[in-house]
Amino acid sequence: MENQSLEQPITITEKAAARLKNIMQSEEPSKKGIRVAIDTGGCSGMSYNITFDGEKKEFDKVYESHGIQIFCDVKSWIYVRGCEIDFSNDLLNGGFKVINPNANRTCGCGISFSA
C-alpha cells in the first residue's frame, strides 16, 4: 500500500478558486487549470511561477481543488508540496499568496522563498 503521508496535495482556497475562475472565463476560456512551478531567482532564491494551463505533461502531479485543476512538475513539487494558494482583496497586501509549509524563509514581497 502506498504511503499517503508522502502525497501532499497543492490546494486552493475558495476565494482563490473563485478569482481564478473569473479570470479564466474572461481571459483564458480554453484553460481548465493552473500550473504551479518554481523558478530560480528572487530575493530569497526561488520564486513561484503560476500560469494558466490545460494539459498534463509527462511526470506532472495533478490535483483538483474547488473545481480548478492544478498541474505541477515533479521537480517543482518537491518545493511546493502541501502548499495552499489563497487570494485577498486587501488594498495594501492583496492578490494571490502561496502559503508554503516547506519554506524556511520568505521575502517581504511574498513571491520568493528559500527551502
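None of the values given here were measured: they were computed from a predicted structure.

The strands making up a sheet associate through hydrogen bonds between their backbones, and the pairing can be parallel or antiparallel. As summarised here, the arrangement of the three strands in space is 1-6-7, forming an open sheet in which the pairing is mixed. Two strands lie at the open edges of the sheet, namely strand 1 (11-12) and strand 7 (95-99), each paired on one side alone. Sheet analysis places strand 6 (residues 84-88) next to strand 7, joined by five bridges and oriented antiparallel. Bridge pairing links Phe87 to Phe96 in strand 7. The strands touched by helix 1 (residues 14-27) within the sheet are strand 1, strand 6 and strand 7, with strand 6 carrying the most contacts at an inclination of about 75°.

With that settled, the discussion passes to the confidence of the model for the protein chain. On average, the protein chain scores 84 in pLDDT, and the residues at 70 or more come to 83%. Every residue in residues 1-5 is under pLDDT 50, and counting partners more than four places away or in other chains gives zero contacts.

What counts and what doesn't
- Residues numbered from 1 in each chain as written.
- Predicted model: local features only at pLDDT ≥ 70, side-chain atom pairs only at ≥ 80, totals over all residues.
- Heavy atoms only, no water.
- Pairing = 2+ DSSP bridges.
- Helix = DSSP H or I, 4+ residues; strand = E, 2+ residues; numbered from the N terminus.
- Contact = heavy atoms within 4.5 Å.
- Axes fitted to C-alpha atoms, helices over the stretch in contact; angles between N-to-C directions.
- pLDDT = per-residue confidence, 0-100.

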